[in-house]
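Single-letter residue listing:
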Amino acid sequence: MLNVEHINVGYKDLQVLWDVSFQVNQGELVALIGPNGAGKTTTLKAIMGLRRPWSGTIYFEGQNLCKVPAHKTAELGIAMVPEGGRVFTGLTVLENLELGAFAPHARKHMAQTLEEMYQLFPRLEERKFQRAGTLSGGERQMLAIARALMSRPKLLMLDEPSFGLAPLLVDRIFAKIKEINQAGMTILLVEQNVRAALELAHRSYVIQNGRIVGMGTSEELLSFEFVRSAYLG
Amino acid sequence: MVETLVQNIVFGLLLGALYGLAAVGLSLVFGVTKFLNVAHGELLMLGGYVSFWLFNLYHVDPFVSLPLAALALVVVGIVLYSLLFSRTVKMDEEQKVQTTMLIGFGVSLILQNLAQRLWTADDRSITTAYSRMSWTLFDIRFPIVRVVSMVVALLLVIALQQFLQRSYFGKAIRATVEDWEEATIIGIDTHRVYLVAFVIGAAFAGVAGALVSVGYSIVPSMGLEWTLVCLVVMTLGGLGSIIGTFVGGLILGVAQALTAFAVGGAYRQVVGLLLFLVVLAVRPQGLFGVKEG
Ligand SMILES: Nc1ncnc2c1ncn2[C@@H]1O[C@H](COP(=O)(O)OP(=O)(O)O)[C@@H](O)[C@H]1O
Ligand SMILES: [Mg+2]
(Lines give C-alpha, C1' and ligand atoms only; values in the text may rest on other atoms or scores of the structure.)
(Ligands and ions follow the chains in the order given, each with its own letter.)
Protein backbone atom coordinates (compact mmCIF):
# COMPACT_ATOMS: atom_id res chain seq x y z
CA MET A 1 0.00 0.00 0.00
CA LEU A 2 2.75 2.43 1.01
CA ASN A 3 6.16 2.00 -0.56
CA VAL A 4 8.98 4.28 0.48
CA GLU A 5 11.89 3.73 -1.89
CA HIS A 6 15.42 4.96 -1.25
CA ILE A 7 14.54 8.44 -0.08
CA ASN A 8 17.15 10.99 0.93
CA VAL A 9 15.71 13.91 2.84
CA GLY A 10 17.21 16.92 4.58
CA TYR A 11 16.80 20.43 5.87
CA LYS A 12 18.70 23.11 3.93
CA ASP A 13 22.09 21.40 3.50
CA LEU A 14 21.78 18.98 6.42
CA GLN A 15 20.89 15.48 5.28
CA VAL A 16 18.66 13.68 7.79
CA LEU A 17 17.40 10.56 5.99
CA TRP A 18 19.79 8.32 4.08
CA ASP A 19 18.43 5.89 1.51
CA VAL A 20 15.39 5.03 3.58
CA SER A 21 13.12 2.29 2.24
CA PHE A 22 10.24 0.46 3.83
CA GLN A 23 6.72 -0.61 3.10
CA VAL A 24 3.37 -0.94 4.76
CA ASN A 25 0.83 -3.42 3.45
CA GLN A 26 -2.93 -3.21 3.59
CA GLY A 27 -4.30 -3.99 7.04
CA GLU A 28 -0.90 -4.07 8.74
CA LEU A 29 0.20 -2.27 11.86
CA VAL A 30 3.81 -1.36 11.21
CA ALA A 31 6.01 0.41 13.74
CA LEU A 32 8.95 2.65 12.95
CA ILE A 33 11.07 2.79 16.08
CA GLY A 34 14.23 4.67 16.87
CA PRO A 35 15.82 7.06 19.32
CA ASN A 36 15.23 10.78 19.49
CA GLY A 37 16.59 12.58 16.44
CA ALA A 38 16.74 9.46 14.28
CA GLY A 39 14.53 10.96 11.58
CA LYS A 40 11.14 9.44 12.35
CA THR A 41 9.17 12.69 12.15
CA THR A 42 11.06 13.70 9.04
CA THR A 43 10.01 10.42 7.43
CA LEU A 44 6.34 11.10 8.15
CA LYS A 45 6.67 14.66 6.86
CA ALA A 46 8.18 13.36 3.65
CA ILE A 47 5.21 11.04 3.19
CA MET A 48 2.77 13.88 3.86
CA GLY A 49 4.55 16.07 1.32
CA LEU A 50 5.66 18.60 3.92
CA ARG A 51 9.32 17.81 3.14
CA ARG A 52 10.30 16.88 -0.40
CA PRO A 53 12.87 14.09 -0.74
CA TRP A 54 16.08 15.10 -2.52
CA SER A 55 15.90 11.78 -4.28
CA GLY A 56 13.95 8.54 -4.12
CA THR A 57 10.21 8.04 -4.42
CA ILE A 58 7.20 7.36 -2.27
CA TYR A 59 4.30 5.39 -3.69
CA PHE A 60 0.86 5.15 -2.17
CA GLU A 61 -1.43 2.68 -3.92
CA GLY A 62 0.79 2.98 -6.95
CA GLN A 63 0.67 6.78 -7.06
CA ASN A 64 3.85 8.82 -6.75
CA LEU A 65 3.34 10.99 -3.66
CA CYS A 66 6.31 13.20 -4.49
CA LYS A 67 4.22 14.74 -7.26
CA VAL A 68 1.22 15.48 -5.03
CA PRO A 69 0.87 18.88 -3.31
CA ALA A 70 0.98 18.50 0.46
CA HIS A 71 -2.63 19.51 1.04
CA LYS A 72 -3.83 16.85 -1.43
CA THR A 73 -2.25 13.99 0.51
CA ALA A 74 -5.21 13.81 2.90
CA GLU A 75 -7.54 13.50 -0.08
CA LEU A 76 -5.64 10.41 -1.26
CA GLY A 77 -6.37 8.70 2.05
CA ILE A 78 -3.39 9.38 4.30
CA ALA A 79 -3.91 10.92 7.72
CA MET A 80 -1.24 11.91 10.19
CA VAL A 81 -1.44 12.46 13.93
CA PRO A 82 1.30 15.00 14.63
CA GLU A 83 3.80 14.73 17.45
CA GLY A 84 2.66 15.66 20.93
CA GLY A 85 -1.06 15.48 20.15
CA ARG A 86 -0.94 18.79 18.35
CA VAL A 87 -4.48 20.09 17.87
CA PHE A 88 -5.94 23.52 17.15
CA THR A 89 -6.05 24.73 20.73
CA GLY A 90 -8.04 27.90 19.99
CA LEU A 91 -10.82 25.95 18.31
CA THR A 92 -13.40 23.80 20.07
CA VAL A 93 -13.19 20.02 20.13
CA LEU A 94 -16.07 19.87 17.67
CA GLU A 95 -14.46 22.39 15.32
CA ASN A 96 -11.25 20.36 15.37
CA LEU A 97 -13.17 17.25 14.42
CA GLU A 98 -15.16 19.02 11.71
CA LEU A 99 -11.96 20.31 10.13
CA GLY A 100 -10.53 16.79 10.19
CA ALA A 101 -13.08 16.04 7.48
CA PHE A 102 -11.78 18.83 5.23
CA ALA A 103 -11.02 16.53 2.31
CA PRO A 104 -14.03 16.42 -0.07
CA HIS A 105 -14.75 12.70 0.23
CA ALA A 106 -14.69 12.94 4.02
CA ARG A 107 -16.85 16.04 4.24
CA LYS A 108 -19.77 14.21 2.68
CA HIS A 109 -19.76 11.69 5.54
CA MET A 110 -18.94 14.16 8.31
CA ALA A 111 -22.00 13.60 10.49
CA GLN A 112 -21.67 9.83 10.38
CA THR A 113 -17.91 9.79 11.05
CA LEU A 114 -18.45 12.18 13.93
CA GLU A 115 -20.87 9.71 15.51
CA GLU A 116 -18.30 6.95 15.10
CA MET A 117 -15.63 9.09 16.76
CA TYR A 118 -17.89 9.85 19.72
CA GLN A 119 -18.43 6.11 20.11
CA LEU A 120 -14.70 5.43 19.96
CA PHE A 121 -13.86 8.34 22.31
CA PRO A 122 -16.92 9.14 24.44
CA ARG A 123 -14.89 11.73 26.36
CA LEU A 124 -14.70 13.89 23.24
CA GLU A 125 -18.45 14.13 22.99
CA GLU A 126 -18.66 15.33 26.60
CA ARG A 127 -16.14 18.04 25.77
CA LYS A 128 -17.25 18.94 22.29
CA PHE A 129 -17.96 22.62 22.97
CA GLN A 130 -14.79 23.09 25.01
CA ARG A 131 -11.74 24.74 23.52
CA ALA A 132 -9.18 22.06 22.67
CA GLY A 133 -6.60 24.03 24.66
CA THR A 134 -8.44 23.16 27.86
CA LEU A 135 -8.08 19.39 27.35
CA SER A 136 -5.62 17.24 29.27
CA GLY A 137 -2.66 15.65 27.48
CA GLY A 138 -4.41 12.31 27.06
CA GLU A 139 -7.60 13.89 25.79
CA ARG A 140 -5.65 15.97 23.31
CA GLN A 141 -3.96 12.88 21.96
CA MET A 142 -7.36 11.24 21.54
CA LEU A 143 -8.67 14.34 19.80
CA ALA A 144 -5.66 14.34 17.50
CA ILE A 145 -6.32 10.70 16.60
CA ALA A 146 -10.04 11.27 16.13
CA ARG A 147 -9.39 14.34 13.99
CA ALA A 148 -7.12 12.27 11.76
CA LEU A 149 -9.76 9.53 11.48
CA MET A 150 -12.37 12.14 10.49
CA SER A 151 -10.76 12.18 7.05
CA ARG A 152 -11.71 8.50 6.65
CA PRO A 153 -8.15 7.56 5.76
CA LYS A 154 -6.86 4.32 4.30
CA LEU A 155 -3.55 4.77 6.10
CA LEU A 156 -3.23 6.29 9.57
CA MET A 157 0.20 7.51 10.64
CA LEU A 158 0.85 8.33 14.30
CA ASP A 159 3.88 10.26 15.48
CA GLU A 160 4.79 9.19 19.02
CA PRO A 161 1.27 9.02 20.44
CA SER A 162 2.68 7.93 23.82
CA PHE A 163 4.93 10.96 24.20
CA GLY A 164 4.56 12.73 27.53
CA LEU A 165 1.71 10.53 28.76
CA ALA A 166 1.54 8.60 32.02
CA PRO A 167 1.93 4.79 31.61
CA LEU A 168 -1.74 4.17 32.30
CA LEU A 169 -2.75 6.58 29.56
CA VAL A 170 -0.21 5.06 27.18
CA ASP A 171 -1.86 1.68 27.67
CA ARG A 172 -5.24 3.18 26.96
CA ILE A 173 -4.10 4.99 23.81
CA PHE A 174 -2.35 1.87 22.54
CA ALA A 175 -5.45 -0.21 23.19
CA LYS A 176 -7.38 2.24 21.04
CA ILE A 177 -4.78 2.03 18.28
CA LYS A 178 -5.06 -1.74 18.34
CA GLU A 179 -8.84 -1.50 18.21
CA ILE A 180 -8.66 0.85 15.21
CA ASN A 181 -6.27 -1.51 13.43
CA GLN A 182 -8.44 -4.52 14.14
CA ALA A 183 -11.36 -2.69 12.59
CA GLY A 184 -9.38 -2.74 9.35
CA MET A 185 -7.26 0.40 9.40
CA THR A 186 -3.71 0.22 8.09
CA ILE A 187 -1.39 1.93 10.57
CA LEU A 188 2.14 3.27 10.57
CA LEU A 189 3.16 3.90 14.16
CA VAL A 190 6.24 5.97 14.95
CA GLU A 191 7.55 5.43 18.47
CA GLN A 192 10.41 5.85 20.88
CA ASN A 193 8.50 3.73 23.36
CA VAL A 194 10.01 0.58 21.90
CA ARG A 195 8.47 -1.97 24.21
CA ALA A 196 4.90 -0.78 23.75
CA ALA A 197 5.32 -0.39 20.00
CA LEU A 198 6.84 -3.83 19.46
CA GLU A 199 4.07 -5.49 21.45
CA LEU A 200 1.49 -3.89 19.21
CA ALA A 201 3.06 -4.05 15.77
CA HIS A 202 2.97 -6.90 13.29
CA ARG A 203 6.32 -5.78 11.95
CA SER A 204 8.73 -3.06 12.91
CA TYR A 205 11.53 -1.11 11.31
CA VAL A 206 14.40 0.26 13.33
CA ILE A 207 15.74 3.64 12.29
CA GLN A 208 18.99 5.07 13.62
CA ASN A 209 20.87 8.16 12.48
CA GLY A 210 18.57 8.48 9.50
CA ARG A 211 19.09 4.93 8.25
CA ILE A 212 16.86 1.89 8.42
CA VAL A 213 19.02 -0.65 10.20
CA GLY A 214 16.63 -3.52 10.72
CA MET A 215 13.19 -4.96 10.16
CA GLY A 216 11.25 -7.79 11.71
CA THR A 217 9.11 -8.99 14.58
CA SER A 218 9.95 -8.09 18.16
CA GLU A 219 12.01 -11.27 18.74
CA GLU A 220 13.96 -10.74 15.56
CA LEU A 221 14.78 -7.18 16.53
CA LEU A 222 16.17 -8.11 19.94
CA SER A 223 19.60 -8.44 18.36
CA PHE A 224 19.69 -4.65 18.14
CA GLU A 225 21.45 -3.03 21.03
CA PHE A 226 19.02 -0.12 20.96
CA VAL A 227 16.01 -2.43 21.10
CA ARG A 228 17.49 -4.70 23.75
CA SER A 229 18.44 -1.87 26.08
CA ALA A 230 14.95 -0.46 25.69
CA TYR A 231 13.53 -3.82 26.69
CA LEU A 232 15.77 -4.37 29.62
CA GLY A 233 14.97 -0.87 30.84
CA MET B 1 -20.20 74.34 24.42
CA VAL B 2 -21.49 70.94 25.53
CA GLU B 3 -23.30 70.62 22.23
CA THR B 4 -20.13 71.33 20.28
CA LEU B 5 -18.35 68.73 22.36
CA VAL B 6 -21.02 66.10 21.73
CA GLN B 7 -21.15 67.07 18.07
CA ASN B 8 -17.40 66.49 17.86
CA ILE B 9 -17.69 63.10 19.51
CA VAL B 10 -20.42 62.12 17.05
CA PHE B 11 -18.26 63.16 14.10
CA GLY B 12 -15.38 61.25 15.66
CA LEU B 13 -17.44 58.07 15.95
CA LEU B 14 -18.68 58.37 12.38
CA LEU B 15 -15.15 58.74 10.99
CA GLY B 16 -13.85 56.17 13.45
CA ALA B 17 -16.18 53.55 11.98
CA LEU B 18 -14.34 53.93 8.66
CA TYR B 19 -11.01 53.69 10.47
CA GLY B 20 -12.31 50.51 12.03
CA LEU B 21 -13.47 49.05 8.72
CA ALA B 22 -10.16 49.75 7.01
CA ALA B 23 -8.11 48.51 9.96
CA VAL B 24 -10.08 45.27 10.24
CA GLY B 25 -9.03 44.57 6.66
CA LEU B 26 -5.35 45.18 7.40
CA SER B 27 -5.56 43.26 10.64
CA LEU B 28 -7.13 40.21 8.97
CA VAL B 29 -4.37 40.13 6.35
CA PHE B 30 -1.65 40.51 8.95
CA GLY B 31 -3.20 38.03 11.36
CA VAL B 32 -3.58 35.30 8.75
CA THR B 33 -0.64 35.81 6.41
CA LYS B 34 1.83 37.84 8.52
CA PHE B 35 2.09 40.18 5.54
CA LEU B 36 2.34 43.76 6.71
CA ASN B 37 0.77 45.38 3.67
CA VAL B 38 1.80 49.02 3.94
CA ALA B 39 0.04 49.67 0.62
CA HIS B 40 -3.30 49.11 2.39
CA GLY B 41 -3.96 52.86 2.36
CA GLU B 42 -3.40 52.99 -1.40
CA LEU B 43 -5.89 50.16 -1.88
CA LEU B 44 -8.34 52.29 0.06
CA MET B 45 -7.54 55.24 -2.21
CA LEU B 46 -8.21 53.11 -5.29
CA GLY B 47 -11.61 52.10 -3.90
CA GLY B 48 -12.40 55.76 -3.45
CA TYR B 49 -11.57 56.55 -7.07
CA VAL B 50 -13.59 53.62 -8.37
CA SER B 51 -16.65 55.03 -6.65
CA PHE B 52 -15.81 58.59 -7.64
CA TRP B 53 -15.48 57.84 -11.35
CA LEU B 54 -18.48 55.56 -11.45
CA PHE B 55 -20.48 58.43 -10.03
CA ASN B 56 -18.95 61.18 -12.14
CA LEU B 57 -18.95 59.38 -15.47
CA TYR B 58 -21.96 57.09 -15.17
CA HIS B 59 -23.95 58.63 -12.31
CA VAL B 60 -23.90 55.43 -10.31
CA ASP B 61 -25.04 56.14 -6.77
CA PRO B 62 -22.04 55.71 -4.44
CA PHE B 63 -23.86 53.26 -2.19
CA VAL B 64 -24.92 51.23 -5.21
CA SER B 65 -21.36 51.15 -6.47
CA LEU B 66 -19.96 49.81 -3.18
CA PRO B 67 -19.96 46.21 -4.38
CA LEU B 68 -18.19 47.34 -7.53
CA ALA B 69 -15.49 49.10 -5.52
CA ALA B 70 -15.14 45.90 -3.51
CA LEU B 71 -14.98 43.81 -6.67
CA ALA B 72 -12.35 46.07 -8.24
CA LEU B 73 -10.19 45.65 -5.16
CA VAL B 74 -10.75 41.90 -5.16
CA VAL B 75 -9.18 41.87 -8.61
CA VAL B 76 -6.34 44.17 -7.52
CA GLY B 77 -5.86 41.97 -4.44
CA ILE B 78 -5.63 38.77 -6.48
CA VAL B 79 -3.08 40.35 -8.83
CA LEU B 80 -0.94 41.78 -6.02
CA TYR B 81 -1.05 38.54 -4.05
CA SER B 82 -0.26 36.22 -6.94
CA LEU B 83 2.40 38.41 -8.50
CA LEU B 84 4.19 39.71 -5.43
CA PHE B 85 3.12 38.74 -1.94
CA SER B 86 2.76 35.00 -2.58
CA ARG B 87 6.52 34.82 -3.13
CA THR B 88 7.12 35.47 0.56
CA VAL B 89 4.87 32.69 1.85
CA LYS B 90 7.73 30.29 2.53
CA MET B 91 9.85 32.79 4.49
CA ASP B 92 10.05 32.76 8.26
CA GLU B 93 7.95 35.30 10.07
CA GLU B 94 10.47 38.08 10.60
CA GLN B 95 11.80 37.96 7.08
CA LYS B 96 8.24 37.85 5.79
CA VAL B 97 7.24 41.01 7.64
CA GLN B 98 10.33 42.83 6.35
CA THR B 99 10.01 41.69 2.76
CA THR B 100 6.30 42.37 2.54
CA MET B 101 6.90 45.85 3.95
CA LEU B 102 9.36 46.54 1.15
CA ILE B 103 6.95 45.17 -1.43
CA GLY B 104 4.21 47.27 0.14
CA PHE B 105 6.26 50.45 -0.02
CA GLY B 106 7.01 49.81 -3.68
CA VAL B 107 3.38 49.14 -4.49
CA SER B 108 2.22 52.21 -2.59
CA LEU B 109 4.66 54.49 -4.44
CA ILE B 110 3.62 53.11 -7.80
CA LEU B 111 -0.11 53.34 -7.08
CA GLN B 112 0.19 56.83 -5.67
CA ASN B 113 2.14 58.13 -8.66
CA LEU B 114 -0.13 56.36 -11.07
CA ALA B 115 -3.19 57.88 -9.46
CA GLN B 116 -1.64 61.33 -9.61
CA ARG B 117 -0.82 61.00 -13.32
CA LEU B 118 -4.20 59.62 -14.23
CA TRP B 119 -6.45 61.68 -12.01
CA THR B 120 -4.36 64.71 -10.92
CA ALA B 121 -3.49 65.61 -7.34
CA ASP B 122 -6.82 67.36 -6.73
CA ASP B 123 -9.07 66.55 -3.79
CA ARG B 124 -12.19 64.79 -5.01
CA SER B 125 -15.44 64.05 -3.37
CA ILE B 126 -18.79 62.68 -4.44
CA THR B 127 -21.64 65.14 -4.08
CA THR B 128 -25.05 63.58 -4.38
CA ALA B 129 -28.49 65.07 -3.97
CA TYR B 130 -28.53 63.83 -0.38
CA SER B 131 -24.96 64.74 0.50
CA ARG B 132 -25.91 67.79 2.55
CA MET B 133 -28.86 66.25 4.33
CA SER B 134 -28.64 65.31 7.94
CA TRP B 135 -30.81 64.21 10.80
CA THR B 136 -30.88 66.42 13.85
CA LEU B 137 -31.38 65.12 17.36
CA PHE B 138 -31.16 67.47 20.34
CA ASP B 139 -29.37 69.96 18.12
CA ILE B 140 -26.75 67.38 17.21
CA ARG B 141 -26.27 66.87 13.49
CA PHE B 142 -26.07 63.37 12.01
CA PRO B 143 -25.11 63.64 8.32
CA ILE B 144 -27.11 60.92 6.55
CA VAL B 145 -24.23 59.84 4.32
CA ARG B 146 -21.89 59.33 7.24
CA VAL B 147 -24.48 57.53 9.35
CA VAL B 148 -25.27 55.13 6.52
CA SER B 149 -21.52 54.64 6.00
CA MET B 150 -21.11 53.72 9.63
CA VAL B 151 -23.93 51.20 9.42
CA VAL B 152 -22.36 49.65 6.31
CA ALA B 153 -18.99 49.45 8.05
CA LEU B 154 -20.50 47.86 11.14
CA LEU B 155 -22.47 45.32 9.12
CA LEU B 156 -19.40 44.30 7.13
CA VAL B 157 -17.30 43.87 10.25
CA ILE B 158 -19.98 41.76 11.93
CA ALA B 159 -20.37 39.71 8.75
CA LEU B 160 -16.64 39.02 8.67
CA GLN B 161 -16.60 38.09 12.33
CA GLN B 162 -19.49 35.66 11.83
CA PHE B 163 -17.84 34.23 8.71
CA LEU B 164 -14.68 33.48 10.67
CA GLN B 165 -16.54 32.08 13.67
CA ARG B 166 -19.25 30.03 12.01
CA SER B 167 -18.51 29.12 8.42
CA TYR B 168 -16.50 26.03 7.57
CA PHE B 169 -13.97 27.99 5.56
CA GLY B 170 -13.76 30.55 8.36
CA LYS B 171 -12.79 27.76 10.74
CA ALA B 172 -10.19 26.60 8.23
CA ILE B 173 -8.77 30.14 8.23
CA ARG B 174 -8.55 30.15 12.03
CA ALA B 175 -6.91 26.73 11.98
CA THR B 176 -4.35 27.94 9.45
CA VAL B 177 -3.56 30.96 11.61
CA GLU B 178 -2.84 28.65 14.51
CA ASP B 179 -0.69 26.11 12.71
CA TRP B 180 -0.29 26.06 8.94
CA GLU B 181 1.51 22.73 8.98
CA GLU B 182 -1.24 20.98 10.88
CA ALA B 183 -3.75 22.66 8.57
CA THR B 184 -1.93 21.30 5.53
CA ILE B 185 -1.90 17.82 7.02
CA ILE B 186 -5.69 17.75 7.24
CA GLY B 187 -5.99 18.91 3.64
CA ILE B 188 -6.36 22.68 3.87
CA ASP B 189 -4.74 24.53 0.97
CA THR B 190 -3.05 27.22 3.02
CA HIS B 191 -2.11 29.23 -0.08
CA ARG B 192 -5.78 29.56 -0.83
CA VAL B 193 -6.47 30.61 2.75
CA TYR B 194 -3.81 33.32 2.48
CA LEU B 195 -5.20 34.48 -0.85
CA VAL B 196 -8.74 34.67 0.51
CA ALA B 197 -7.63 36.63 3.58
CA PHE B 198 -5.58 39.02 1.46
CA VAL B 199 -8.43 39.57 -0.93
CA ILE B 200 -10.99 40.16 1.83
CA GLY B 201 -8.57 42.70 3.32
CA ALA B 202 -8.26 44.47 -0.03
CA ALA B 203 -12.03 44.49 -0.50
CA PHE B 204 -12.51 46.01 2.95
CA ALA B 205 -10.03 48.74 2.04
CA GLY B 206 -11.91 49.31 -1.22
CA VAL B 207 -15.27 49.72 0.49
CA ALA B 208 -13.76 51.97 3.15
CA GLY B 209 -12.25 54.15 0.43
CA ALA B 210 -15.53 54.34 -1.42
CA LEU B 211 -17.27 55.46 1.77
CA VAL B 212 -14.56 58.06 2.37
CA SER B 213 -15.17 59.48 -1.10
CA VAL B 214 -18.83 60.15 -0.22
CA GLY B 215 -18.66 61.39 3.33
CA TYR B 216 -15.25 63.06 3.07
CA SER B 217 -12.77 63.50 0.23
CA ILE B 218 -10.05 61.53 -1.50
CA VAL B 219 -6.68 62.44 -3.00
CA PRO B 220 -3.90 60.28 -4.50
CA SER B 221 -1.58 60.93 -1.56
CA MET B 222 -4.06 59.85 1.12
CA GLY B 223 -2.67 56.30 1.39
CA LEU B 224 0.14 56.81 3.86
CA GLU B 225 -2.05 58.58 6.39
CA TRP B 226 -4.63 55.80 6.18
CA THR B 227 -2.05 53.07 6.50
CA LEU B 228 -0.76 54.75 9.64
CA VAL B 229 -4.28 55.08 10.98
CA CYS B 230 -4.86 51.38 10.34
CA LEU B 231 -1.62 50.42 12.07
CA VAL B 232 -2.52 52.50 15.10
CA VAL B 233 -6.02 51.05 15.23
CA MET B 234 -4.71 47.52 14.76
CA THR B 235 -2.42 48.04 17.74
CA LEU B 236 -5.18 49.64 19.79
CA GLY B 237 -7.65 46.86 19.14
CA GLY B 238 -5.18 44.02 19.39
CA LEU B 239 -4.63 41.28 16.88
CA GLY B 240 -7.10 38.48 16.58
CA SER B 241 -10.11 40.44 17.69
CA ILE B 242 -12.17 41.71 14.77
CA ILE B 243 -14.72 43.54 16.87
CA GLY B 244 -11.94 44.84 19.12
CA THR B 245 -10.20 46.34 16.11
CA PHE B 246 -13.41 48.03 15.02
CA VAL B 247 -13.86 49.51 18.49
CA GLY B 248 -10.23 50.63 18.29
CA GLY B 249 -11.21 52.58 15.18
CA LEU B 250 -14.04 54.28 17.04
CA ILE B 251 -11.70 55.16 19.89
CA LEU B 252 -9.15 56.73 17.56
CA GLY B 253 -11.89 58.67 15.77
CA VAL B 254 -13.17 60.11 19.03
CA ALA B 255 -9.66 60.79 20.35
CA GLN B 256 -8.83 62.74 17.20
CA ALA B 257 -12.06 64.70 17.36
CA LEU B 258 -11.54 65.58 21.00
CA THR B 259 -7.97 66.65 20.38
CA ALA B 260 -9.03 68.85 17.51
CA PHE B 261 -11.71 70.30 19.75
CA ALA B 262 -9.43 70.93 22.70
CA VAL B 263 -6.13 72.01 21.20
CA GLY B 264 -6.80 72.50 17.50
CA GLY B 265 -6.98 70.49 14.28
CA ALA B 266 -3.23 70.51 13.75
CA TYR B 267 -2.80 67.93 16.50
CA ARG B 268 -5.25 65.39 15.07
CA GLN B 269 -2.51 63.16 13.68
CA VAL B 270 -0.33 63.36 16.75
CA VAL B 271 -2.91 61.89 19.07
CA GLY B 272 -2.97 58.65 17.08
CA LEU B 273 0.76 58.15 17.45
CA LEU B 274 0.55 59.08 21.09
CA LEU B 275 -2.16 56.48 21.69
CA PHE B 276 -0.07 54.00 19.73
CA LEU B 277 2.93 54.50 22.00
CA VAL B 278 0.90 54.45 25.19
CA VAL B 279 -0.84 51.21 24.26
CA LEU B 280 2.43 49.59 23.19
CA ALA B 281 3.96 50.52 26.52
CA VAL B 282 1.06 49.63 28.78
CA ARG B 283 -0.78 46.85 26.98
CA PRO B 284 1.21 45.55 24.02
CA GLN B 285 -1.39 42.94 23.14
CA GLY B 286 -3.89 45.75 22.47
CA LEU B 287 -6.96 46.81 24.39
CA PHE B 288 -8.97 43.76 23.34
CA GLY B 289 -6.25 41.36 22.27
CA VAL B 290 -5.29 38.21 24.07
CA LYS B 291 -1.80 37.84 25.42
CA GLU B 292 0.23 35.26 23.56
CA GLY B 293 1.46 32.07 25.17
N1 LIG C 1 13.12 21.99 10.83
C2 LIG C 1 14.34 21.43 10.96
N3 LIG C 1 15.45 22.10 10.55
C4 LIG C 1 16.67 21.56 10.68
N5 LIG C 1 16.91 20.35 11.19
C6 LIG C 1 15.86 19.63 11.61
C7 LIG C 1 14.52 20.13 11.52
N8 LIG C 1 13.68 19.20 12.02
C9 LIG C 1 14.46 18.17 12.41
N10 LIG C 1 15.76 18.42 12.17
C11 LIG C 1 16.88 17.51 12.45
O12 LIG C 1 16.65 16.30 11.79
C13 LIG C 1 17.01 15.19 12.59
C14 LIG C 1 15.83 14.23 12.68
O15 LIG C 1 14.76 14.88 13.32
P16 LIG C 1 13.35 14.17 13.50
O17 LIG C 1 12.91 13.67 12.19
O18 LIG C 1 12.47 15.14 14.17
O19 LIG C 1 13.73 12.98 14.45
P20 LIG C 1 12.77 12.11 15.39
O21 LIG C 1 11.35 12.39 15.03
O22 LIG C 1 13.17 10.70 15.10
O23 LIG C 1 13.09 12.48 16.79
C24 LIG C 1 17.44 15.76 13.92
O25 LIG C 1 18.85 15.75 13.96
C26 LIG C 1 16.95 17.16 13.92
O27 LIG C 1 17.83 18.01 14.58
MG1 LIG D 1 9.91 13.10 16.19
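The structure we're discussing is the one just above.
Criteria and cut-off values
- Residues numbered from 1 in each chain as written.
- Chains lettered and ligands numbered in written order.
- Predicted model: local features only at pLDDT ≥ 70, side-chain atom pairs only at ≥ 80, totals over all residues.
- Heavy atoms only, no water.
- Phe/Tyr/Trp six-rings, centres within 6.5 Å; stacked < 30°, edge-to-face > 60°.
- Helix = DSSP H or I, 4+ residues; strand = E, 2+ residues; numbered from the N terminus.
- Buried < 20%, exposed > 50% of the residue type's maximum accessible area, 1.4 Å probe, protein only.
- Lys NZ or Arg CZ within 6 Å of the ring centre and 35° of its normal.
- Pairing = 2+ DSSP bridges.
- Contact = heavy atoms within 4.5 Å.
- Axes fitted to C-alpha atoms, helices over the stretch in contact; angles between N-to-C directions.
- Near = heavy atom within 4 Å.
- Polar contact = N/O pair within 3.5 Å; in protein donor to acceptor, adjacent residues only side chain to side chain.
- Areas by Shrake-Rupley, 256 points an atom, 1.4 Å probe, with all protein chains shown as cover.
- Nonpolar A, V, L, I, M, F, W, Y, C, P; charged D, E, K, R; others polar.

Undergrad: What is the right way to read the packing of aromatic side chains from this model?
TA: Each pair of aromatic rings is reported with the distance of its centres and the angle of its planes. All names here are of chain B. Tallied over the entire structure, the rule returns eleven aromatic pairs over all chains. Judged by centre distance (5.3 Å) and plane angle (75 degrees), the ring pair of Tyr19 and Trp226 falls under edge-to-face. Residue Tyr19 is found in helix α1 (residues 2-33), and its partner Trp226 is found in helix α9 (residues 223-237); the two are separated by 207 residues along the sequence. Judged by relative accessible area, which is 3%, Tyr19 ranks as buried. Judged by relative accessible area, Trp226 falls into the buried class, the value being 8%. On the basis of an interplanar angle of 75 degrees and a centroid distance of 5.0 Å, the ring pair of Phe52 and Trp53 is categorised as edge-to-face. Residue class for Trp53 comes out partly exposed when judged on its relative accessible area of 22%. Taken together, the ring pairs connect Phe35, Tyr81, Phe85 and Phe198 into an aromatic cluster. Here Lys34 stacks its cationic end above the ring of Phe30, 5.7 Å away from the centre of that ring.

Undergrad: Explain the sheet that holds strand β4 (residues 55-60) of chain A here, please?
TA: What holds strands together in a sheet is hydrogen bonding between their backbones, with the strands either parallel or antiparallel. Residue and element names in this part refer to chain A. Here we have four strands laid out as an open sheet, ordered β2-β1-β4-β5, and antiparallel in their pairing. The open sheet has two edge strands, β2 (14-24) and β5 (63-64), and neither has a second partner. Bridging between strand β1 (residues 2-11) and β2 involves seven bridges; their strand directions are antiparallel. Residue pairing for β2: Asn3 is matched across the bridge by Gln23. Against the sheet, helix α1 (residues 40-48) makes contact with β1, β2 and β4, and its axis sits at roughly 110 degrees relative to β1, the strand it touches most.

Undergrad: Please clarify how the site of ligand 1 should be interpreted in this entry.
TA: Residue and element names in this part refer to chain A. Around ligand 1 lies a shell formed by Tyr11, Val16, Pro35, Asn36, Gly37, Ala38, Gly39, Lys40, Thr41 and Thr42. Here a nitrogen atom of ligand 1 and a side-chain polar atom of Tyr11 are 3.4 Å apart. The contact in question runs from an oxygen atom of ligand 1 to an N or O atom on the backbone of Ala38, over 3.2 Å. Within the complex, 61% of the 560 Å² of free accessible area of ligand 1 lies under protein. The element best represented in the shell around ligand 1 is α1, accounting for three residues. Across the shell around ligand 1, the residue classes tally to four nonpolar, five polar and one charged.

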